[in-house]
Amino acid sequence: MEWEGTLDSSRMIEALSDDTLIFNQVHKRVWPAAQRDTCFWSHIRSVPKEDLNDWIVVNYSTTHELAPVKEPMIRAWANVAMICSTVVIDKDKFSDESTIPRKNIICKITYVAQVNPGGWAPANVLRTVYKREYPKFLKQFTNYVINKTAKLPVLF
């Protein structure tokens, strides 16, 4: 996951279906805490909304025989949902979707996460890390998408 700055490694360990995969990720160590990993299923789906589609991604922690906890690592648990909604500015000015320029398209992101880092960590340290990492993740993800799609045709 090119946009994720907190990872040392990520591997897909099972495909449950075309839109649902199980991952095991090792996260970068944040000193002085022990290193963490996660095991979760990830589901992505297009959700039709009026004449555009939203996308939803849900990640939900799980266990898996191919992802045992390897000491001294600690297993973190996270349940995450992200909704990406396409918004067309001044849509009524365009006769059909193929004429809408990329500058008239924005994406509204709704992101929620419930994280249990496992082990013990002071609440003030966790708040500091979360306040730094959530905005950083959203900015990196946004820049990744912008850079990957800048020269591509708009797809609806």
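Higher on the page you've got the structure.
Fair warning: this is a prediction, and the values are worked out from it, not measured in the lab.

Some points on the overall build of the protein chain
Right, on to step 1. Scanning the protein chain for helices and strands turns up 1 helix and 7 strands.
Right, on to step 2. Starting at the N terminus and ending at the C terminus, the protein chain contains elements arranged as β-β-β-β-β-β-β-α.
Right, on to step 3. In the protein chain, buried positions account for 27% of the 156 residues.
Right, on to step 4. Accessible area for the protein chain stands at about 10,700 Å²; split by element, carbon and sulfur atoms hold 59% of it.
Right, on to step 5. Here the protein chain holds 20 positive side-chain charges and 17 negative ones, and the gap between their average locations is 10 Å.

A short note on the side chain of asparagine 24
Right, on to step 1. The residue asparagine 24 is located in strand β2 (residues 20-27) in this model.
Right, on to step 2. Its relative accessible area of 8% is what places asparagine 24 among the buried residues.
Right, on to step 3. Separated by 3.3 Å, the side chains of asparagine 24 and aspartate 37 make a polar contact.
Right, on to step 4. From its side chain, asparagine 24 meets the backbone oxygen of threonine 38 in a polar contact 2.9 Å long.
Right, on to step 5. Sequence-distant contacts of asparagine 24, defined by excluding residues within four places in its chain, comprise Ser9, Ser10, Arg11, Ile13, Asp37, Thr38, Cys39, Ala67 and Arg75.

Re the pattern of salt bridges
Right, on to step 1. This model, assessed by the stated rule, comprises 3 salt bridges.
Right, on to step 2. With its nearest N and O atoms 3.9 Å apart, the salt bridge here joins aspartate 19 to arginine 45. Linking aspartate 19 in the loop between β1 (7-17) and β2 with arginine 45 in strand β3 (residues 36-49), this pair joins segments that are 26 residues apart in sequence.
Right, on to step 3. In this structure, aspartate 90 and lysine 93 form a salt bridge, with 3.7 Å as the shortest nitrogen-oxygen distance.

Regarding unusual backbone geometry
Right, on to step 1. Along the chain, glutamate 71 connects to proline 72 via a cis peptide bond; the corresponding omega equals 10°.
Right, on to step 2. Mapped onto the fold, proline 72 is located in the loop between β4 (52-61) and β5 (74-75).
Right, on to step 3. In this model, aspartate 90 sits at a positive phi of 55°, which is unusual for a non-glycine residue.
Right, on to step 4. Relative to the helices and strands, aspartate 90 resides in the loop between β6 (77-88) and β7 (105-116).
Right, on to step 5. The partly exposed category is assigned to aspartate 90, whose relative accessible area is 37%.

Definitions and cut-offs
- Counting restarts for each chain, with residues numbered from 1 along the sequence as it is written.
- Residues qualify for local features only when their pLDDT is at least 70, as the model is predicted, and side-chain atom pairs are given and counted only at 80 or more; totals for whole chains, interfaces and linings, by contrast, use all residues.
- The side-chain quantities take in all heavy atoms of the structure and omit both hydrogens and water.
- Counting from the N terminus, the helices are the DSSP runs of H or I reaching at least four residues and the strands are the DSSP runs of E reaching at least two.
- In this scheme, a residue with accessible area under 20% of its type's maximum is buried, one over 50% is exposed, and one in between is partly exposed, where area comes from a 1.4 Å probe on protein chains only.
- We get accessible surface area from the Shrake-Rupley algorithm with a probe of 1.4 Å; when it comes to residues, only the shown protein chains can shield them.
- By the counting rule applied here, Lys and Arg register as positive and Asp and Glu as negative, while His and the ends of each chain are not counted.
- Where a charge lies is defined by one atom per residue type, namely NZ (Lys), CZ (Arg), CG (Asp) and CD (Glu).
- Pairs of N or O atoms are called polar contacts if they sit within 3.5 Å, as long as, within protein, a hydrogen donor faces a hydrogen acceptor (for residues adjacent in sequence, only side-chain-to-side-chain pairs).
- In what follows, residue pairs with any heavy atoms lying within 4.5 Å of each other are defined as contacts.
- Only one rule defines a salt bridge in this text: a Lys or Arg side-chain nitrogen within 4 Å of an Asp or Glu carboxyl oxygen.

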